[in-house]
Amino acid sequence: MKKIFMVCYGGGHVKIIKNIYLELIKEKEIEIVLLALTGAQKYLSELNIPYMTIEKYYNIFQDKEIKNIGEKILKELNINFEDTESKLYYGYSFKELIEKYGIEKSIQGYKEFERRIFLPINFMNKVLKYEKPDLVITTNAPRMEKAALIASKELGIKSISVEDLFGVEQEINEKIEKFFQSNNYRDKYGNYVCVLSEEVKKFLENKTDSKVIVTGNPNFDDVYKYKEKKLFINENMRRLCYLSQKTALNKKIFIKLLELLENKIIDILIVKIHPNEDKNIYKDILRKYEYLKNKLFFENNLYEAILKSNLVITEFSTAGIEAAILGREIISRKNKIIDFEKLGMKLNFNEISEIENLVESYYKNKSQNKSKFKFCNNSGSKNIKKLVINLLK
């Protein structure tokens, strides 16, 4: 029996780990221990996926002083957390900070950078010594996930880290590194790094000695269920899909696309509204464009919306990556959140006024405007499972 230790935070990180977990539990000879942090616990509970918590390890280790440290720090910082898990999270994290940098420097660091300074390597070292796994799997999250990678290397345990997007180091890491004079705050990678595409692989190979492998992102596993789906589309029609977002520019972009429809630069406009948006803003705008209703469609299913189009526009939604996986060309806004240019996508705008030329240019010269990007042909979790099984042999 081989043992895997996984650790993750909430949001997109837990979704990556969840998909990998669901693939790996199909193997009878693999035992999995999953440490769920913060928001990951509620998500995994709803899916009936078992997990460990910091509190459970605290009870195992009998680290009585940790809770007291957490309570004192939270009081010092004027933070009101009543649950034991949060007190222990702060307790373990601050214990190591205080031991390394002293109480004043640690408090100052927290006030400037908040929880980004947490890096409880000693705690994760203790956990791994207790669990004795053959392999550690994390995403690219900071704090305890990063600490698990550092601890696994110290203990000689093989590790895999999964990059969610492009592997771009955040500027804040450099500031924290400078503040504490510690290179542990730089990006850390497992012995094996799983990435989205060939472009990301090339980028990361210049940053790390780890083995970088193109597996795809397990967050996008659902895309592959639609990859072979064929919808009848008249390719002679200019069918543009807008993946909206709740941003300051959203309404202006939508109005610009309606103008393109009005001026016959596109034939059909398909809109996928973001779940967090207020749909009423579209009703207000559309009163002026009532005559376009036969050429404008709102689609609830993301993948259906993408497949019914031959060009997709977004600001910086990760759904744009899913559209690219499905073979659609993307127009995106230049930004620091999701850098589509790093994936080789050519069509990018700074100003809304640039959208019209990009759309016209694409439809006039499709072959010349094709982006050069290469994604996997099947799901990320299945590809990572193959890697795991090979590593455990």
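Residues numbered from 1 in each chain as written. Predicted model: local features only at pLDDT ≥ 70, side-chain atom pairs only at ≥ 80, totals over all residues. Heavy atoms only, no water.

### Some details on the side chain of S93
Within the secondary structure, S93 sits in helix 5 (residues 84-101). Owing to a relative accessible area of 1%, S93 belongs among the buried residues under this scheme. The residues contacting S93, other than those within four sequence positions of it, are F118 and P120. (Helix = DSSP H or I, 4+ residues; strand = E, 2+ residues; numbered from the N terminus. Buried < 20%, exposed > 50% of the residue type's maximum accessible area, 1.4 Å probe, protein only. Contact = heavy atoms within 4.5 Å.)

### Focus: the sheet that holds strand 4 (residues 158-162)
Overall, parallel pairing links the 6 strands, which are arranged 2-1-3-4-5-6 in an open sheet. If you trace the sheet from one side to the other, it starts and ends with strand 2 (30-36) and strand 6 (211-214), each paired once. Each neighbouring strand pair of the sheet contributes to a mean axis angle of 20°, computed without reference to strand direction. Sheet topology places strand 1 (residues 2-8) next to strand 3 (residues 135-139); 3 bridges connect them, and they run parallel. (Pairing = 2+ DSSP bridges. Axes fitted to C-alpha atoms, helices over the stretch in contact; angles between N-to-C directions.)

### Description of the pairing of strand 11 (residues 329-333)
Most of strand 11 is tucked away: 5 of the 5 residues are buried. Side chains E329, I331 and R333 of strand 11 all project onto a buried face; the interleaved residues I330 and S332 project onto the opposite face, where all are buried too. By the bridge criterion, 4 bridges tie strand 10 (residues 311-314) to strand 11 in an arrangement that is parallel. Within strand 11, the position partnered with I313 by the bridge is I331. In this region the chain leaves strand 10, passes through helix 14 (residues 319-325) and returns to the parallel neighbour strand 11; the handedness of that crossover is right-handed. Sheet topology places strand 11 next to strand 12 (residues 347-349); 3 bridges connect them, and they run parallel. Residue pairing for strand 12: S332 is matched across the bridge by N348. (Right-handed = clockwise from strand over helix to strand, strands pointing away.)

### Overview of the packing of aromatic side chains
In this description, a pair of aromatic rings is defined by centroid distance and the angle of the planes. A full pass over the atoms with the stated rule returns 21 aromatic pairs. Ring geometry for Y9 and Y89: centres 6.4 Å apart, planes at 70°, overall edge-to-face. Taken together, the positions of Y9 in the loop between strand 1 and helix 1 (12-24) and Y89 in helix 5 put the pair 80 residues apart, joining distant regions of the chain. Its relative accessible area of 4% is what places Y89 among the buried residues. Considering the side-chain rings of Y90 and Y110, the 5.9 Å spacing of their centres and the 55° angle between planes classify their relative orientation as tilted. Highlighted residues: Y90 in helix 5 and Y110 in helix 6 (residues 103-113), separated in sequence by 20 residues. Y110 shares its class with Y90; the two are buried. One aromatic cluster is present, formed by Y9, F81, Y89, Y90, F94, Y110 and F118 through successive ring pairs. Of note, K56 hangs over the ring of Y51, and the distance from its end group to the ring centre comes to 5.8 Å. Taking the ring centre of Y9 as reference, the NZ or CZ of R143 above it sits at 4.5 Å. (Phe/Tyr/Trp six-rings, centres within 6.5 Å; stacked < 30°, edge-to-face > 60°. Lys NZ or Arg CZ within 6 Å of the ring centre and 35° of its normal.)

### So, the pattern of salt bridges
Counted by the stated rule, this structure contains 16 salt bridges. Taking the shortest distance from any N to any O, the salt bridge between K385 and E23 comes out at 3.8 Å. Here E23 lies in helix 1 and K385 lies in helix 16 (residues 380-391), a separation of 362 residues in the sequence. Given the relative accessible area of 9%, E23 is considered buried. Ionic pairing is found between E290 and K293, a salt bridge with its closest N-O pair at 3.6 Å. A relative accessible area of 46% means that E290 is categorised as partly exposed. (Salt bridge = Lys/Arg side-chain N within 4 Å of Asp/Glu carboxyl O.)

### Remarks on the packing of helix 3 (residues 54-61) against helix 5
Between helix 3 and helix 5, the shortest axis-to-axis distance is 9 Å and the interhelical angle comes to 70°. Looking at the two axes, helix 3 sits roughly perpendicular to helix 5. The crossing of helix 3 and helix 5 is left-handed. From helix 3, I54, E55, Y58 and F61 reach across to helix 5, where they touch T84, E85, L88, Y89 and Y92. (Parallel < 35°, antiparallel > 145°, perpendicular 65-115°, else oblique. Left-handed = near helix turned anticlockwise from the far one by under 90°.)

### With respect to the packing of helix 1 against helix 16
Interhelical geometry of helix 1 versus helix 16 gives an angle of 60° and a closest axis separation of 9 Å. When the axes of helix 1 and helix 16 are compared, the pair comes out oblique. With respect to the hand of their crossing, helix 1 and helix 16 are arranged in right-handed fashion. Contacts from N19, I20, E23 and L24 of helix 1 reach helix 16 at S381, K382, I384, K385 and V388.

### Some remarks on unusual backbone geometry
Backbone geometry at Q62 places phi at a positive 60°, although glycine is not the residue there. Positive phi, close to 50°, is recorded for K132, a residue that is not glycine. For K132, the location among the structural elements is in the loop between helix 7 (121-131) and strand 3. Residue classification places K132 among the exposed positions, given a relative accessible area of 63%.

### Description of the nonpolar core
In this structure, F5, Y57, Y90, F94, I117, F123 and M124 are the most contacted members of the largest nonpolar core, which totals 45 residues. The greatest single-element share of this core, amounting to 6 residues, is contributed by helix 5. Setting aside its immediate chain neighbours within four residues, F5 contacts V33, L35, Y57, M124, V127, L128, E131, P133, L135, V136 and I137. Formed by 36 residues, the second largest nonpolar core is a distinct cluster that contains Y189, F220, F316 and A319. (Core = buried A, V, L, I, M, F, W, Y, C linked by side-chain atoms within 4.5 Å.)

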